[in-house]
Structures are given as C-alpha cells and as structure tokens.
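Chains, contacts and geometry: an overview
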Amino acid sequence: MAVAEVPTSPRAHRFEAGVERLRVAVQAMAAVVRDADGEALGEALIKIREAGIDPLEAVFASGVRRFDKSGEYRDQGALSVTDWLRSRCRLSDGAAAERVEVARQLERLPQTQAAFANGDLGYQHVAVLARAAEHVGAAAVRKEEASLVQTAQTMDPGRFTTVAKNFEHRVDAAGALAEANHAYQRRYFHLSEPQDGIVRLDGILDVEGGAMLKTALNALMPAPGKDDGRTPGQRRADALVELGRRGGSGSKRNGAGPRPQLIIRASLDTLAGIPGAPAGELEGGGTVPAETVQRYACDSAISRIMGQGELDQELNHASRTLPASTRRALEARDRHCVFPGCTRPLNWCDGHHLVWWTRGGATALPNLALLCRPHHRMVHEEGWALERTKDSNWKARPPIHRVPANARSA
Ligand SMILES: [Zn+2]
Ligand SMILES: [Zn+2]
C-alpha cells in the first residue's frame, strides 16, 4: 500500500493516528463492558453496535465502494473485490458478497446511507434495503425510502425482510415471482455418506418448502419439559428424525403396519450382544453399534432386522412383533413414556422389552413398557436399567459400571 511505503507523508501519519485512536476507543469500551453489569451492561452492548459497529460498517461500505471502482484489488491478485474481501478481510463468501452489494447500492440510497452513518440503522437492516434495491432498482426504493427507513427502525431485521419483500412484490410482482422461481430452482438437499458415526445435512429450500418443513418440525417439538436437557438444535434434530420415522407409516404403529422405516442387517451374535460381534449394517449405508441393533429389535414396527442362516430362522421363530392387540393394551396401561418424570405421548414411544427380546424376553404385556425414543436410547445404549416395582411404578437406575464402549453420546 502506498501509505505504508511513505510513512512520513501527512496522509500516512493520519492513517496511523486514526488506527491508533480506534484502538484506544476499543480498549475504552472493553473497560466499560468489563465493569458493567445488569442494565448498564445491556446499555453498553446496545451502544457498541449503535455508536461503533454499525457506523463503522457504514465507513467500511463507503471505502469498499471506492476500492471496488479503483480496481486496486486486481493489482493485488484478486479476481474481484468480493474475492479480495474474502481473502484479505476475513469474510466468508456470503458476507463478502453482501458487503459489496451494500456498498454499491448505498450510493444510490442517500437517506439509507445517512441513517446508517449516524447509527439509526443497523447493518442488517441496510443489507435488506440494498437487496431490495438490487431486485427492483434503487429508483423504486428511493420513492419510498423515507418510510422504509422509518419502518426499519421499529422492527428487527427478520420482520423488516417481510416488509421489504411485500414492497418488492408491490412494485414488481413479476420480479418477485421470478425471484421465488429462482429460489425454487436453487433448492437442493444433501445427505452425506456416514463418516465417523455422523451424517451431515446441508441444503436450500424455497420459502414455501422451508415453511412447510418448519411447521412439520414444530409439530414434533413439544415444549421442553423441565428435565429436558436437550439443546434447541438437538430437539430440532430429533424432530427431523421423527418426521422420517413417521413418513411412510403415518400414525400406524402396530407391528402390522406398512413397511418399516429402517432395515438393519445383523448377525445373531450382534443381537445377543456377544463381545467381538460385528456392528449392525444399515441398508442405506453406515453401521450402528450392537446396542442400537438391540433397541431396534425391541419394536419391529420401526425396523426390520435381516440376517443370514441361523438368524433368519431365529427371527421367523420369535414372535417379537407386537400384535395390534398387545400394542393397544400396552398403550392403555402405560399411556405415555414410563421413564420416571417423562410424559412424552404415545406416538413418540416404542414398545420396549424389559427382558430384552434378544435375551429371550417374551413379547407379552408383563415384559413390555412404552419408552420415548430418547429414554429408549438411554436404556439400550447408555446402560440405564428400567424396572417395574411391585406396586406397579417404574424405577430407573443410572449405569453402574459402564457406558457401553461402542455407544456414542452424540
Ligand atoms: Zn428396548
Ligand atoms: Zn421418555
């Protein structure tokens, strides 16, 4: 950079002094935040964005605009100013592209620019306005800029996005439709091959698809009980799997229902939990520990276990399938998950064999219990013991010696 090469020029001096003052200001705010608590701490956080981060983003944007026009980034080997921001300013692709868009549009949105510079508008609100300008043209936004800027100050960026979308639709319905169609074209969903015991999900949905999925997931996410230690992310993940589990079979959960959701290939040794037995193989790829195979063996409505030779005979021989009448009797007796303190409803529950089916337990009411999936998992994979007491209550004992070595907590 030219300024760095001539450190004695007035411009270089101003650069150094500016950076130094910025550092001093940051340190001063660090001290304020360190000493503040309660309401004062909240106030400090608000001020950091209002008087610091957002106005600095405005300054950053005006610099990016000029840097973009100058083409200087090319001399530094970058293909575009976005590319330069990504590699030199530590921004992700998306964050860099958004800043370039904001920089380019702000020039044409004077009221937005002014409100941004003095801290009245936050960066994310400005990004929403810049996107609207990109979609319908800055001139259309300028016609309603005053009211849009005013509205932005009364709501969070998420809600303001809805306002901006409505505005776009009003001034350019065809454009809004094209955008929706474009979003739909971009849809994809990727499910990785299992690796190290996990499967990664990644994807894009259009707004309608996203809303539909969200509604379905929310319906499967009852309000967390007070003993529900799961994070919101874990609860959403459980809901997604539950959605998959219910997918083909609807609410029919009596062993006689339609095809099972999971096909596992396992050996007799695995089912019996004999040390050194191979893992269970999922038909769709990936392996699961013996404990998981045993859990799935508990309730054949959700899985079909396949094996070779002797296991096939064993499977045919055993009546592990919960007959519809037994399932109904079990539901009438237990009414919800029986794990102490848990009330997850019937349709979340598997039929669990107290003496595991794999150890010769009968598929009969006295040997059965309803357990929700997380608790069913705790019993099989995490070594918890579940007992029915003489007075027909349920008792759960935490694992004494071990969590099965091959059970993952993730
Ligand atoms: Zn079980
Ligand atoms: Zn439960």
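Residues numbered from 1 in each chain as written. Chains lettered and ligands numbered in written order. Predicted model: local features only at pLDDT ≥ 70, side-chain atom pairs only at ≥ 80, totals over all residues. Heavy atoms only, no water.

Bound to the zinc ion (ligand 1) on the protein side are Cys298 (SG), His352 (ND1), His376 (NE2) and His380 (NE2), at distances that span 1.9 to 2.3 Å. Each of the four donor atoms around the zinc ion (ligand 1) contributes to a set of angles spanning 103 to 122°, which defines the coordination as tetrahedral. Read N to C, the donor residues that coordinate the zinc ion (ligand 1) are spaced as C-x53-H-x23-H-x3-H. A residue pair is termed long-range when its members are at least 10 positions apart, and cysteine 298 in helix H16 (residues 290-298) and histidine 376 in helix H19 (residues 373-381) qualify at 78 residues. Here cysteine 298 matches histidine 376 in class, with each residue buried. (Donors = N, O, S within 2.8 Å, 3.2 Å for Na, K, Ca; no water. Tetrahedral: all angles 85-135°; square planar, octahedral: opposite > 155°, others 65-115°. Helix = DSSP H or I, 4+ residues; strand = E, 2+ residues; numbered from the N terminus. Buried < 20%, exposed > 50% of the residue type's maximum accessible area, 1.4 Å probe, protein only.)

Together, Phe189, Leu191, Val199, Leu201, Leu205, Leu213 and Leu240 line one region of the surface with nonpolar side chains, adding up to about 620 Å² of accessible area. Position of leucine 213 among the secondary structure elements: in helix H13 (residues 207-219). (Patch = residues over 30% accessible without salt bridge, like charges linked within 9 Å, V, L, I, M, F, W, Y side chains within 5 Å. Areas by Shrake-Rupley, 256 points an atom, 1.4 Å probe, with all protein chains shown as cover. Salt bridge = Lys/Arg side-chain N within 4 Å of Asp/Glu carboxyl O.)

A packed helix pair is summarised by two numbers, namely the angle formed by the two axes and the spacing between the axes. Running from N to C, helix H3 (residues 38-70) and helix H7 (residues 110-117) cross one another at 130°; their axes reach a closest spacing of 7 Å. Judged by the angle between their axes, H3 and H7 are oblique. Contact residues: H3 offers Asp54, Pro55, Glu57, Ala58 and Arg65, while H7 offers Gln113, Phe116 and Ala117. Here the residues of the contact of H3 with H7 are counted per class, giving four nonpolar, one polar and three charged. (Axes fitted to C-alpha atoms, helices over the stretch in contact; angles between N-to-C directions. Parallel < 35°, antiparallel > 145°, perpendicular 65-115°, else oblique. Contact = heavy atoms within 4.5 Å. Nonpolar A, V, L, I, M, F, W, Y, C, P; charged D, E, K, R; others polar.)

Once that is clear, we can look at the coordination of the zinc ion (ligand 2). Taken together, Cys337 (SG), Cys342 (SG), Cys372 (SG) and His375 (ND1) make up the full set of protein donors to the zinc ion (ligand 2), lying 2.0 to 2.3 Å away. For the zinc ion (ligand 2), the four donor atoms are set out with angles of 98 to 118° between them, so the coordination reads as tetrahedral. With a relative accessible area of 7%, cysteine 342 lands in the buried category. Of the residues examined, cysteine 372 reaches a relative accessible area of 0% and is grouped as buried.

Below, the discussion takes up the pattern of salt bridges. Side chains bearing opposite charge may pair, as long as their charged atoms lie close to each other. With the rule as written, the count across this model stands at 16 salt bridges. For the salt bridge of arginine 99 with glutamate 57, the shortest nitrogen-to-oxygen distance reads 2.9 Å. Pair noted here: arginine 99 is in helix H6 (residues 93-106) and glutamate 57 is in helix H3, with a separation of 42 residues, a long-range link. A residue is classified by how much of its surface remains accessible, and glutamate 57, at 15% relative accessible area, is buried. Among the charged side chains, a network of salt bridges with common partners joins Asp83, Arg86 and Asp93.

Turning to its location among the elements, glutamate 242 is positioned in helix H14 (residues 232-247). Not counting residues within four places of it along the chain, the set of residues in contact with glutamate 242 comprises Leu220, Asn347 and Trp348.

A separate point is the packing of aromatic side chains. Under the criterion given, the structure shown has four aromatic pairs. Judged by centre distance (6.4 Å) and plane angle (45°), the rings of phenylalanine 116 and tyrosine 123 are tilted. In this structure phenylalanine 116 comes out as buried when scored by relative accessible area, which is 0%. Ring pairs connect the aromatic residues Phe67, Tyr73 and Trp84, which therefore count as one cluster. Directly above the aromatic system of tyrosine 296 lies the positively charged group of arginine 295, at a separation of 4.9 Å from the ring centroid. (Phe/Tyr/Trp six-rings, centres within 6.5 Å; stacked < 30°, edge-to-face > 60°. Lys NZ or Arg CZ within 6 Å of the ring centre and 35° of its normal.)

This next bit is on the packing of helix H11 (residues 157-171) against helix H12 (residues 173-185). At a minimum axis separation of 5 Å, H11 and H12 run at an interaxial angle of 125°. Here H11 is positioned oblique relative to H12, judged by the angle of their axes. Packed against H11, whose contacting residues are Lys165, Glu168, His169 and Val171, the element H12 presents Ala173, Ala176 and Glu179 at the interface. Of the residues assigned to the contact of H11 with H12, the class counts are three nonpolar, one polar and three charged.

A word on H6. When the terminal C-alpha atoms of H6 are compared, their 20 Å separation across 14 residues agrees well with the 20 Å that a helix rising 1.5 Å per residue should span. Along H6, the positions that sit buried rather than exposed are Ala96, Arg99, Val100, Glu101, Val102, Ala103, Gln105 and Leu106. (Expected span 1.5 Å × (residues − 1).)

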